[in-house]
Amino acid sequence: MLAARLVRLVATILVVSFVTFMMVNLLPGDPINALVPPEAQNNQEFVEQLREEFGLNDPMMVRYANWLGDAVTGDLGKSVITSQPVAGEIWRRLPITAELALVAIGFSLFIAIPLGTLSAYKQGKRVDQSISAAAQVSLSIPNFVLGLLLIYVFAMRLQWLPATGWTRLTESVSGNIKSVILPALSLALAEVAVYTRVVRSDMISTLQEDYILSARAKGLKDRFILFRHALRPSSLTLITVVGLNVGALIGGTVVIETLFAIPGLGKRLLDAVFQRDFLMIQGITVFVAVVYVTINTLVDIIYMLVDPRIRKKV
Amino acid sequence: MNMTLRKRGTGMRLTAVLLAAVMVATACGSDSDDTSPSATTVATETTAAPEAPETTTAPTTEAPATTATPTTTTEAPPVGPAQGGDASVGLEAEAPGLRPWEDTCSSPCYNMMAAVFDKLFEQYADGSYGAFLAESISANDDFTVWTMNLRPDVVFHDGSELTAQTIVDMFVVHQTGAQSAGVIASSKLINVEATGDLEVTYTLSGTNAIFVANLSRAPIGMVFAPSTGADEDAVTAAANAPIGTGPFMVDSRDVDNKTVMVRNPNYWMSDSFGTQLPYLDSVTFHPIPDEGTRLSSLASGTVTAMQSLRQASIRDARDTEGLWLFEHQGNNTGGGMFNVTVAPYDDARVRKGLITMSNQAATIEALGGEGISLPTTQLFASESPFYSEAIAAAYPTHDMAAGSALVQEYIDDPDRSDGLAVGEKISVTLSCPPDPTLIAAMQVSQVLWEASGLVDVELTGFDQATHIGMAVGAADGTFIGTHDIHCWRWGSEDDPAAGMLSGFGDPFDPSGAGALNFSNWYDEEAYGYVVEATLTDDVAERAALYEKFGLIMVEAMPIYFSGGTATVIATAEGLGGLDSWEMPDGEAGIGHPSAEGRWSQAYWAAE
């Protein structure tokens, strides 16, 4: 079972890396244009030397094979623009994006689980309708708009939190907390809407199960039934969605990281695309793919832990 | 010829005056609103013009006027510099690295580099060049050998001493630098020799009367510890841990987040009152790419200063309370070019007809520059000594009838170059990076051109890297490009000589002499004037040559202008000194062109 999953994981990564490599090579523009100022580009000898150095004269398949050979040893090459190692850049930025994504998910779960549960419990009533309407509204607000709104309120008007920037945990815990709140909230809102609906939907089904009726018949308190007996079996879909979102958030924080000037992976990826920094694009994309596939494998394992029926089938 | 830079109190005049434009630049895009535009009123509170620099040789006795004077909408700080305090500056982009010889730099990056590195020469407020880390320079009669003396007792951040040998060792690094190798070639520099402890002799392969301009900016004018370029590992490390002689030392650098620089306790320079610089204890640079949140960061106190090259941001900053604004508008101007190798742009009637139909005031408004940017007609702003009234008069003004007549003439020509039948409309493609204001500006042109009933207009947009690459066109081994009508930004405060040489050279010359000729327009007579202008340091003579060139260019109309690019450094109330920094001789420096601040002399005004 695990071996099969590993094979699938490796195959997925190979496909992603190859497709990314192809796509990056199809981008219009020459990396040399980004690296060498126009006035230096008439120095053909110099330009040629750089082309050789970055392997730009080799056929694409040769370049891919070379890259792959290095990548399996952990060497993802060097940035064409900054000459910094790509792997180093990823490791330096990963904690930031991971923290941002995890806090965003934490915020969204913290809000969505009680709301979804309440919504299911009050199915069809005014509270349920209000929560559904609010979820609909929050889904339709782009996260950068929410980000701007949060900056206006909490940074400009109230001056409680910084408008931009990032303080690393190692630098200052309180500074880190302050710097993560607004961007994480901006990311969390849309997730809240999704998670709330998922929890509500699963919870409604669960609440119709016989064992819930039996618990009620025993006179257990509603809150106890909801959170002790109904929530766990209602969280399978939620776990799936959260798992999918972790990967998506790590690769998809581009807009929020740019808006809040956060030095994460998403912003670096965006810059790399604009700079035609092909090794950086390749490295980050493949890394995100690895994270995504790995997390989904972990989600499958968590399934087994959460639901004994699945564990028994396996 | 023997030329010496003025010293305090004596004032000798450096030849190569100033300013002006060079082509190139950064095309539109990330750095700014490219074609930005013009304005109505810009309060021009010029700082007191310093005494004109002199050269021992030249008949250039008149102080050149300047385009470089800062434009400030803020009142001067009520009291003078106070020691101490910190500044945090929001920049529009991160510096890819802090190696002058290696890293592609634009305005944000130069803010940082200028804090770490000193330049050999700097520009006075009037745009002329004066000694900074160097003490003097002189040239032989044909400007092929330059002898420079360095300032004594200057040490790098690592404690090593600045000597003539340092400059020689830097030259070794320069020869392989991604940025410096091209400049060495274009400046004709072939040898650097230490001819004394502090005396350096530069040998050029041919006449270059404005060589000092090359020593006044990156990549070869900024002085770094040669050990940082010694080998591959050192070069890699130097991107984030540079070593210069400048007022600040890099304390920590978290790329894309913040670069903290602290006071260099051994900095060599003092102000006119003998106070050692810098005034600030530290300066921290934060890249904040989003224009709106950068201003919000300043307004909310997250940072204490910010830069912007966008007209709309200047407008918004003006509406924000509690800020000091240091605005500038020099030679930098928006506009564009026609690729004259492509039909129908290969016909001057089409080029001139389209630009005559265009409306610069409407374009400026679309770019958000109304009341901010000034209209432009040439590569030099009206304060530049190279500005020409004749060119200004010859540049087309908005006239639909006259523009349509020119295009109609082309359409009715049986030999029209696009191969279409007589009477058929022409088709043109206009391209700018996909910035909302640039798109709005393109739409202004589209509406006007299509209103003539003679033109079909297609608008396209590519990211900045692609946009530039299309115009440069080096990927295919030529420099012709694949563009049509292309947004571009023109002009700078640097001396125009070098930029114009490659900007208007023959694009088909196999030596690459026209590598920067993005429009591919080449006129032998006009180019002759540009070449001639590099052989003399006489400002008036050079101005006359550039005027002759410019008049030919206006007739041919390979490039066009859509209004000056205003820039701003906005600060929290109390943080000043950006427009009043001084050269070592006590004269006023150039200020903050392109929103490049000299943070060494920034200070918090005392309460």
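Residues numbered from 1 in each chain as written. Chains lettered and ligands numbered in written order. Predicted model: local features only at pLDDT ≥ 70, side-chain atom pairs only at ≥ 80, totals over all residues.

### A look at the overall build of chain B
Along chain B, the regular secondary structure elements total 16 helices and 22 strands. In chain B, buried positions account for 64% of the 607 residues. Of the contacts made within chain B by residues no fewer than 6 positions apart, 77% connect residues no fewer than 24 positions apart. (Helix = DSSP H or I, 4+ residues; strand = E, 2+ residues; numbered from the N terminus. Buried ≥ 20, exposed ≤ 12 C-beta atoms within 10 Å, placed from the backbone. Contact = placed C-beta atoms within 7 Å.)

### Section: the overall build of chain A
If you tally the helices and strands in chain A, you get 15 helices and zero strands. C-alpha atoms of chain A, sized along the principal axes, occupy 85 × 55 × 35 Å. By the burial criterion, 39% of the 314 residues in chain A qualify as buried. Counted over contacts in chain A with a minimum sequence separation of 6, partners at least 24 positions apart contribute 72%.

### Some remarks on the confidence of the model for chain A
Considering every residue of chain A, the mean pLDDT works out to 85; 92% of them sit at 70 or more. In the model of chain A, helix H15 (residues 308–313) of chain A stands out as the element of lowest mean pLDDT, 66, in contrast to helix H7 (residues 143–157) of chain A, which has the highest, 93. (pLDDT = per-residue confidence, 0-100.)

### A look at the environment of A:Ser201
All names here are of chain A. On the secondary structure map, serine 201 appears in helix H8 (residues 173–206). A count of 16 C-beta atoms within 10 Å places serine 201 in the partly exposed class. On a C-alpha basis, the gap between serine 201 and tyrosine 152 in space is 35 Å, while along the polypeptide they are 49 residues apart.

### Topic: the sheet that holds strand E17 (residues 455–460) of chain B
Residues and elements named next belong to chain B. As summarised here, the arrangement of the five strands in space is E17-E16-E18-E15-E19, forming an open sheet in which the pairing is mixed. Since the sheet does not close on itself, it has two edges, and those belong to E17 and strand E19 (559–564), each with one partner. With direction set aside, neighbouring strand axes in the sheet form an average angle of 30 degrees. Judged from the two bridges that link them, strand E16 (residues 426–431) and strand E18 (residues 485–490) form a sheet pairing that is parallel. The residue bridging serine 431 from the neighbouring strand is histidine 486, located in E18. (Pairing = 2+ DSSP bridges. Axes fitted to C-alpha atoms, helices over the stretch in contact; angles between N-to-C directions.)

### Describing the environment of A:Trp91
Mapped onto the fold, A:Trp91 is located in helix H5 (residues 86–121). For A:Trp91 and A:Leu148, which are 57 residues apart along the polypeptide, the C-alpha to C-alpha distance reads 29 Å.

### What to know about unusual backbone geometry
Residue and element names in this part refer to chain B. Note the cis peptide between alanine 218 and proline 219, where omega equals 5 degrees. One can find proline 219 in the loop between helix H4 (211–214) and helix H5 (232–238). Backbone torsion omega between leucine 277 and proline 278 reads 0 degrees, so that peptide bond is classified as cis. Looking at the element boundaries, proline 278 is found in the loop between strand E11 (258–263) and strand E12 (282–287). Within the chain, phenylalanine 143 stands out as a residue other than glycine whose phi angle is a positive 60 degrees. Structurally, the position occupied by phenylalanine 143 is in the loop between strand E6 (134–139) and strand E7 (145–150).

### Details of the packing of H5(A) against helix H6 (residues 126–140) of chain A
Residues and elements named next belong to chain A. At a closest axis distance of 8 Å, the pairing of H5 and H6 adopts a crossing angle of 140 degrees. When the axes of H5 and H6 are compared, the pair comes out oblique. Seen along the crossing, H5 lies across H6 with a hand that is left-handed. Contacts from Leu115, Leu118 and Ser119 in H5 reach Val127, Asp128, Ile131 and Ser132 in H6. For the contact of H5 with H6, the per-class residue count stands at four nonpolar, two polar and one charged. (Parallel < 35°, antiparallel > 145°, perpendicular 65-115°, else oblique. Left-handed = near helix turned anticlockwise from the far one by under 90°. Nonpolar A, V, L, I, M, F, W, Y, C, P; charged D, E, K, R; others polar.)

### Quick word on the sheet that holds strand E21 (residues 575–576) of chain B
All names here are of chain B. Reading across from one edge, E2-E22-E21 is the order of the three strands in this open sheet, with antiparallel pairing throughout. Bordering the open sheet on either side are strand E2 (81–82) and E21, each of which pairs with just one other strand. Bridge count between E2 and strand E22 (residues 603–605): two bridges; the pairing is antiparallel. Considered in E22, the bridge of proline 81 is made with alanine 605.

### Re the nonpolar core
One finds A:Ala104, B:Met113, B:Val116, B:Ala134, B:Val283, B:Ala305 and B:Ala570 to be the most contacted residues of the largest nonpolar core, which totals 234 residues. Here this core gets 14 residues from one element, more than from any other, and that element is H8(A). For B:Val283, the contacting residues outside a window of four places in its chain are B:Ala87, B:Val89, B:Ala115, B:Phe248, B:Met261 and B:Trp599. (Core = buried A, V, L, I, M, F, W, Y, C linked by C-beta atoms within 7 Å.)

### A short note on the pairing of strand E8 (residues 189–194) of chain B
Where E8(B) meets strand E9 (residues 199–204) of chain B, five bridges bridge the pair, whose relative direction is antiparallel. Counted as the bridge partner of B:Glu193 is B:Thr201 from E9(B).

### Brief notes about the confidence of the model for chain B
The predicted model of chain B averages 84 in pLDDT, with 86% of residues at 70 or higher. Our summary of model confidence lists the complex with pTM equal to 0.82 and ipTM equal to 0.79.

### Topic: the packing of H6(A) against H8(A)
All names here are of chain A. Where H6 contacts H8, the two axes come as close as 8 Å, and the packing angle between them is 140 degrees. Between H6 and H8, the interaxial angle falls into the category oblique. Judged by the sense of rotation from one axis to the other, the crossing of H6 with H8 is left-handed. Taken together, the residues of H8 that come into contact with H6 (itself represented by Ile131, Ala135, Ser138 and Leu139) are Leu189, Ala190, Val192, Ala193, Thr196 and Arg197. When the residues that make up the contact of H6 with H8 are grouped by side-chain class, the tally is seven nonpolar, two polar and one charged.

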